[in-house]
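Summary of structural features
Each chain, written out:
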Amino acid sequence: MTVSDTVIAVDRDTTAEVAGCHAGESVMRDAAANAGKTAQLEQFDQDYPKGPHDQPQSMCPAFGSLRVGLRMRRTATVLSGSACCVYGLTFTSHFYGAKRTVGYVPFDSESLVTGKLFEDIREAVHELANPDEYDAVVVINLCVPTASGVPLDLLPDEINGVRIIGIDVPGFGVPTHAEAKDVLAGAMLRYARSEVQAGPVARPAGLETDTTLPSIAMVGEIFPVDAITIGRMLQPMGLKAGPVIPTREWRELYAALDCAAVAMLHPFYAATAREFKAAGRPLLGSAPVGVEGTRDWLAHLGDVMNLPKKRIDAAINAQLSAIRGVLQENPIDACITLSGYEGSELIVARLLIESGANVRYVGTACAKSDWSIHDCEWLESHGVSVKFRASLEDDLYAMNTFEPDIAIGTTPVVQRAKELSIPSLYFTNLISARPLMGVAGAGSLAQVINTAIAGRERFEAMESFFAGVGSGAKTGIWTPQIISRSGAGGPG
Ligand code: SF4
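Below, the structure is looked at part by part. Just so it is clear, the structure is predicted and the values come from calculations on it, not from any experiment. (Residues numbered from 1 in each chain as written. Predicted model: local features only at pLDDT ≥ 70, side-chain atom pairs only at ≥ 80, totals over all residues.)

Thoughts on the sheet that holds strand E6 (residues 215-219)
Ordered in space as E7-E6-E8-E9, the four strands form an open sheet in which the pairing is parallel. Unpaired on one side and paired on the other, strand E7 (240-245) and strand E9 (283-284) mark the two borders of the sheet. Both strand E8 (residues 261-263) and E9 contribute to a ladder of two bridges, which runs parallel. By the bridge assignment for E9, alanine 263 is matched with leucine 284. Where helix H9 (residues 224-234) meets the sheet, it contacts E6 and E7, and its direction lies at approximately 150° from that of E7. (Pairing = 2+ DSSP bridges. Helix = DSSP H or I, 4+ residues; strand = E, 2+ residues; numbered from the N terminus. Contact = placed C-beta atoms within 7 Å. Axes fitted to C-alpha atoms, helices over the stretch in contact; angles between N-to-C directions.)

Take a look at the structure:
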């Protein structure tokens, strides 16, 4: 297929050329709606219902989609957006260890309004679509191209056997980077489902063993050990662990669709869930964390799979005493507030409570879903205040109100906690990127949390050493001229 000569024009009045984060949500949404993206925006509203926290308060949401694409083998990922957005996204992706080049199709006002940007994207996709190197090419429209109606759905579905997937991931439609992972994971699953429906597909690598056992697909970017732990838990039930979505290679999508049931370990994957439902697969929420979480999850899975009680009990009995033992050996005796935007906050809080912690508040930037209800009810029954679509203000208010021994949260929460001499840990890097499930997860949080709490005296020493620095007359640079003019400030 060659590059078409047709230029797909974009309506000049509807473009949001220099808008981005700063234009305001309604301006960008109006522009996108006028540019023909109404259906896409309505789907986002349905998948990612908004609350008091409508706008990203975290990193650019598109990072979630970018990350999913960059982690996948034989997949090229291309961004279409403002240079400043792309700079930030590539910087963040490499900060988080991406070993892959991020493709970029730049634009200016002229190429945006004349439709030349779409032509440039199409040309880039044709250049990239080499089946020796890639299974798929992903193109991600950021805010401005989405608001301007750049029609990625008009890209060819495949070129030389390489799948082409174009998605819109605007900050004014997708509230968190967690949910942006779902946008791409769901789009890939939809594509794979259409391939499965069309005829035989390639056999996933490594499927030779245990092919007769029904598999449980797992949804969520979990720590690699967690997938192995869950696989061990499933053995007494006559089940095996299936692929983890987002997958690491394209063929795993077929194996995932071929599962017997889907474990929604991270509960915000709405588009992914829709594809599994369309494929007729049952879904279950929560995750096997701690004693009660593991028991409830295995029992629920056994019901979903209609297994005999004896087999369910065998699986449960094989786990609980070991998990209980590890939890008792690694206690956490602390009052904790916890917040984050990864979507795994509720299961982490469950594990902390089973470790002995007094968790008072859990805030998550993600919305409530069918798959987080059970965890929410469990936490509330243990006296925890749970806030979905929590804002930074909610998280700070909770920290100020409950005065925890340790605050686990996002960067600004951790920063504020340090100012108050409260030990704190960053949820994304230090807590969510650890094993959580079963025995392996049981003791994984205690050491890092107890070490941080033990450093409280150091915080207090630092606070007294720096007392007053950065406030009042000790703010900024006080030149002799300023001191003589204002009569305030100066050394001391
Ligand atoms: S793409 Fe991300 S960084 Fe750029 S304007 Fe949108 S939300 Fe902001």
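Okay, back to it.
Some points on the sheet that holds strand E14 (residues 424-426)
The sheet built from five strands is open, its strands ordered E12-E11-E10-E13-E14 with parallel pairing. In the strand order of this sheet, the two ends are held by strand E12 (385-388) and E14, each with one partner. Between one strand axis and the next, the sheet turns by 10° as a mean value, whatever way the strands run. Here strand E10 (residues 335-340) pairs with strand E11 (residues 358-364) via six bridges, running parallel. Residue leucine 338 lies in a different strand from E11, and its bridge partner there is valine 362. Lying over the sheet, helix H16 (residues 392-402) contacts E10, E11, E12 and strand E13 (406-409), oriented at roughly 165° with respect to E11.

Structural notes on the nonpolar core
Ranked by internal contacts, the top residues of the largest apolar core, which has 137 residues, are Val137, Met218, Ala349 and Leu352. Considering every element that reaches this core, the biggest residue donor is helix H8 (residues 177-198), with nine residues. In this structure, leucine 352 is in contact with Ile332, Ile336, Ala357, Val359 and Leu445, ignoring residues within four places of it in sequence. (Core = buried A, V, L, I, M, F, W, Y, C linked by C-beta atoms within 7 Å. Buried ≥ 20, exposed ≤ 12 C-beta atoms within 10 Å, placed from the backbone.)

No statement about biological role is implied by the geometric values presented.
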